[in-house]
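Structural features, examined
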There are 2 protein chains.
Amino acid sequence: MNNSSNFPKKSSRRNFLRNAGLGTAAVAGTPFLSGRVAADLDPRKITKFFSSGDVILFQGDSITDAGREKKNQLANNARSFGTGYANLAASWLLEELAGKNLTIYNRGISGNKVYQLAERWEPDCLELKPNVLSILIGVNDYWHFRSGKYEGTPEIYEADFRNLLIRTKEELPDVKLVICQPFILTGTSAVDETWLKPFSAYPEIAAILAKEFNAVWVPFQEAFHKAIEIAPATYWAGDGVHPSMAGAQLMAEAWLKALT
Amino acid sequence: MNNSSNFPKKSSRRNFLRNAGLGTAAVAGTPFLSGRVAADLDPRKITKFFSSGDVILFQGDSITDAGREKKNQLANNARSFGTGYANLAASWLLEELAGKNLTIYNRGISGNKVYQLAERWEPDCLELKPNVLSILIGVNDYWHFRSGKYEGTPEIYEADFRNLLIRTKEELPDVKLVICQPFILTGTSAVDETWLKPFSAYPEIAAILAKEFNAVWVPFQEAFHKAIEIAPATYWAGDGVHPSMAGAQLMAEAWLKALT
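Residues numbered from 1 in each chain as written. Chains lettered and ligands numbered in written order. Predicted model: local features only at pLDDT ≥ 70, side-chain atom pairs only at ≥ 80, totals over all residues. Heavy atoms only, no water.

Overview of the overall build of chain A
Defined as follows: Under the DSSP-based scheme used, a helix requires at least four consecutive residues in state H or I and a strand at least two consecutive residues in state E, with every element numbered from the N terminus. Only protein chains enter the accessibility calculation, which uses a 1.4 Å probe; a residue is then buried when its area is under 20% of its type maximum, exposed when over 50%, and partly exposed in between. A contact between two residues is defined here by any heavy atoms of the two lying within 4.5 Å. Using a 1.4 Å probe, the Shrake-Rupley method yields the accessible areas, and only the shown protein chains count as cover for residues.
Tallying secondary structure elements over chain A gives 13 helices and five strands in all. Put simply, chain A has 260 residues, and 58% of those count as buried. The contacts in chain A between residues at least 6 apart in sequence include a share of 80% that link residues at least 24 apart. By element, 51% of the accessible surface of chain A is carried by carbon and sulfur atoms, the whole surface being about 10200 Å².

As for the packing of helix H8 (residues 154–171) of chain A against helix H10 (residues 201–212) of chain A
How two helices sit against one another is set out by the angle between their axes and by the gap between those axes. All names here are of chain A. Formally: Every axis in this analysis is a line fitted to C-alpha atoms, fitted for helices over the stretch in contact. Angles between the N-to-C directions lie between 0 and 180 degrees. Note that the term roughly parallel is reserved for angles under 35 degrees, roughly antiparallel for angles over 145, roughly perpendicular for angles of 65 to 115, and oblique for everything else. In a left-handed crossing the near helix is turned counterclockwise from the far helix by less than a right angle, and in a right-handed crossing that turn is clockwise.
Between H8 and H10, the shortest axis-to-axis distance is 10 Å and the interhelical angle comes to 25 degrees. Accordingly, the angle class assigned to the pair H8 and H10 is roughly parallel. Along this stretch, H8 crosses H10, giving a crossing that reads as right-handed. Where H8 approaches H10, its residues Pro154, Tyr157, Glu158, Phe161, Arg162 and Leu165 are matched on the opposing element by Ala201, Tyr202, Ile205, Ala206, Leu209 and Glu212.

Considering the relation of the copies chain A and chain B
We count it as follows: Copy-to-copy alignment: least squares on C-alpha atoms, limited to residues at pLDDT 70 or above in both.
Least-squares fitting of chain A to chain B yields an RMSD of 0.0 Å, with the transformation described by 0.0 Å of translation along the axis and a rotation of 180 degrees. The relationship between the two copies is best expressed as a two-fold rotation axis. When each C-alpha of chain A is compared by its distance to the rotation axis, threonine 83 of chain A comes out closest, at 3.0 Å. Both copies contact each other with a shared surface, as 100% of the interface residues of chain A are interface residues in chain B too.

As for the interface of chain A and chain B
By a widely used convention, the size of an interface equals the accessible area lost when the partners come together. For clarity, the threshold we go by: Polar contact is defined as a pair of N or O atoms within 3.5 Å, subject to the rule that within protein one atom must be able to donate a hydrogen and the other to accept it, and that residues adjacent in sequence are counted only when both atoms are side-chain atoms.
Taken together, the contact between chain A and chain B spans 37 residues of the former and 37 residues of the latter. Remark: the boundary between chain A and chain B carries four residue pairs in polar contact (both at pLDDT 80 or more). At the level of secondary structure, the elements contributing two or more residues to the side of chain A that touches chain B comprise helix H2 (43–46), helix H4 (85–96), helix H12 (233–236) and helix H13 (245–258) of chain A. With eight residues, the single largest contributor to the side of chain A that touches chain B is H4 of chain A.

Notes on the confidence of the model for chain A
All names here are of chain A. Note the following rule: Per-residue confidence from the prediction method is given by pLDDT, with values spanning 0 to 100.
Residues with a pLDDT of 70 or more make up 85% of chain A, whose mean pLDDT is 89. Under a pLDDT of 50 for its full length, residues 1–34 has, in the predicted model, 58 contacts with residues more than four places off or in other chains. Two summary scores accompany this predicted model of the complex, namely pTM at 0.89 and ipTM at 0.88.

Quick word on helix H7 (residues 139–146) of chain A
Of the positions making up H7 of chain A, those classed as buried are Val139, Asn140, Asp141, Tyr142 and His144 of chain A. Just downstream of H7 of chain A lies glycine 148 of chain A, where phi reads positive at about 80 degrees.

Description of the environment of asparagine 76 of chain B
Looking at where asparagine 76 of chain B falls in the secondary structure, it is placed in the loop between helix H3 (62–65) and helix H4 (78–81). Its relative accessible area of 25% is what places asparagine 76 of chain B among the partly exposed residues. Remark: the alpha-carbon pair of asparagine 76 of chain B and tyrosine 142 of chain B, spanning 66 residues in sequence, is separated by 32 Å. Those residues in contact with asparagine 76 of chain B, other than ones at most four positions away along the chain, are Met245 of chain A together with Phe81, Leu94, Leu102, Thr103 and Ile104 of chain B.

Some words on the side chain of aspartate 141 of chain A
All names here are of chain A. As a reminder, the rule being used: Charged residues are defined here as Lys and Arg on the positive side and Asp and Glu on the negative side; His and the ends of the chain fall outside this count. Each salt bridge in this description consists of a side-chain nitrogen of Lys or Arg and a carboxyl oxygen of Asp or Glu lying within 4 Å of one another.
In this fold, aspartate 141 is placed in helix H7. Buried charge without a partner: aspartate 141 forms no salt bridge, and the closest opposite charge is lysine 113, 7.0 Å away. A distance of 3.2 Å separates a polar atom in the side chain of aspartate 141 from the backbone nitrogen of valine 114. With residues near it in sequence (within four places) discarded, aspartate 141 still touches Lys113, Val114, Tyr150, Tyr157 and Tyr202.

What to know about the pattern of salt bridges
Residues and elements named next belong to chain A. Per the stated rule, a full pass over the model turns up 14 salt bridges over all chains. Residue aspartate 192 pairs with arginine 146 through a salt bridge whose shortest N-O separation is 3.8 Å. Placement of the pair is aspartate 192 in the loop between strand S4 (176–180) and helix H9 (196–199) and arginine 146 in helix H7, with a sequence separation of 46 residues. The class of arginine 146 is partly exposed, set by a relative accessible area of 35%. Residues arginine 162 and glutamate 158 are paired through a salt bridge, measuring 3.0 Å at the closest nitrogen-oxygen approach. Pair noted here: arginine 162 and glutamate 158 are both in helix H8, with a separation of four residues, about one helical turn. What makes glutamate 158 partly exposed here is its relative accessible area of 23%. Connected via shared salt-bridge partners are Arg107, Arg120 and Asp124.

Thoughts on the sheet that holds strand S1 (residues 55–60) of chain B
Residues and elements named next belong to chain B. Applied cut-off: Paired strands, as defined in this entry, are two strands with at least two bridges between them according to DSSP.
Strand order in the open sheet formed by five strands is S2-S1-S3-S4-S5, and the pairing between neighbours is parallel. Of all the strands in the sheet, just strand S2 (103–106) and strand S5 (216–218) have a single pairing partner and so form its edges. The average undirected angle you get between the axes of adjacent strands in this sheet is 15 degrees. Across three bridges, the pairing between strand S4 (residues 176–180) and S5 is parallel. Residue pairing for S5: isoleucine 179 is matched across the bridge by tryptophan 217. The strands that helix H14 (residues 245–258) touches are S1, strand S3 (132–136), S4 and S5; relative to S5, the one it contacts most, it runs at about 155 degrees.

Considering the sheet that holds strand S1 (residues 55–60) of chain A
Residue and element names in this part refer to chain A. One open sheet accounts for five strands, arranged S2-S1-S3-S4-S5; its pairing is parallel. Strand pairing shows two members of the sheet lacking a second neighbour, strand S2 (103–106) and strand S5 (216–218), which therefore form its edges. Neighbour to neighbour, the strand axes of the sheet diverge by 15 degrees on average, direction disregarded. Examined bridge by bridge, S1 and strand S3 (residues 132–136) share five bridges and lie parallel to one another. Residue pairing for S3: phenylalanine 58 is matched across the bridge by serine 134.

Okay, structure coming up:
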């Protein structure tokens, strides 16, 4: 896999601020062909990432959880996937790569911060023995600190996340890691511009760890950055954190494209 | 819109039987390129079907309902869409056509037969004033008859469905109709080959009405017919009626492609 082009050129706080939902006035760029956000997915390219019989696991917080039913937690089951990007990406994979006999789980849980992933990592990751593991975590690590519910700092996020990845690679040395960029959209019901500077540390750390662990990097913030040229931030995520149907589809496509 | 190629050449019961899940042994055809079921969607073609500000409504039974939350029944809301083909198709539209300001509803209800659509048509269709109305109905009209819970016949299905469409066109003369082919997959937990002959009347009637009302026709049975060359029928719909994630994605893509 070649994902170097998806990485930020450097961990520049200025670039992050420019890309984090400031709207078209702050954005330099070319207009999009026919008002579309996404290029077409090419299943022929994505198929190369997966081997027959692969077990794929989506991990994260409420954005991944997306209202999934937690009683049975079945693989390849829509109710157990909820209504977010994980369902949309997994449905696409299960149809397009129907011959590959994939097993796909969603184990996102609303409100989780990285240390809470660690607490449930044995049953909710290691025991599932994924070949492909996707992690989207970080927005609550900042949000719950901001709202006074959590004492965490960027340094704690980095240490906890690195330890989780070390532990994962020790148990599952051949796992393909997919690390997703935490994102926010300003000008929405929960997120204003005072979030930008303090939040920016979290996606920067996620990018550093993605490089350190040779993970595929999924640039969600950049995808939303393009999207707000077409429709306002609230169209993609009403509160700036939880994506709409359009936002979830944007994420699913960004996730799938990152694998090519 | 040109949908003539999607219509069955004639309402041939023999063709239907050949296409209704009999497996590869009974199927003449060419192998699929690289094991894929679906051709790529082209948003540039699909965009032509929709006008800015269009209201789109998905109507039907449990296949459309797909566990949607019924308290608020919001437009463009994932929980109000459930986890079926309507969510997948609507999410794709809301992202790809983000500039079109679409309003999309799901009002499918589990267990519905065509007369039950008629009973709730005022609040659940006409009052929403859709510009595009998609209907998938028919499998319960047969299944509930078969299980002794309903006295309906193909003739009642045809009369009720035609009256519903007449009423719709009187109230909404400019609505674009999308009529979906009811389908079954044999060799599954609920459906065996004894369904094929008696069930075949229902998709035949749906096709006749689609032509009569100049509707777009969505050939779901043909889509599944291709799909079972790649993976067994239970992969696409465990009970032969309710699609899996892969089956729902297949339906969403078939639905979207029918609009081109």
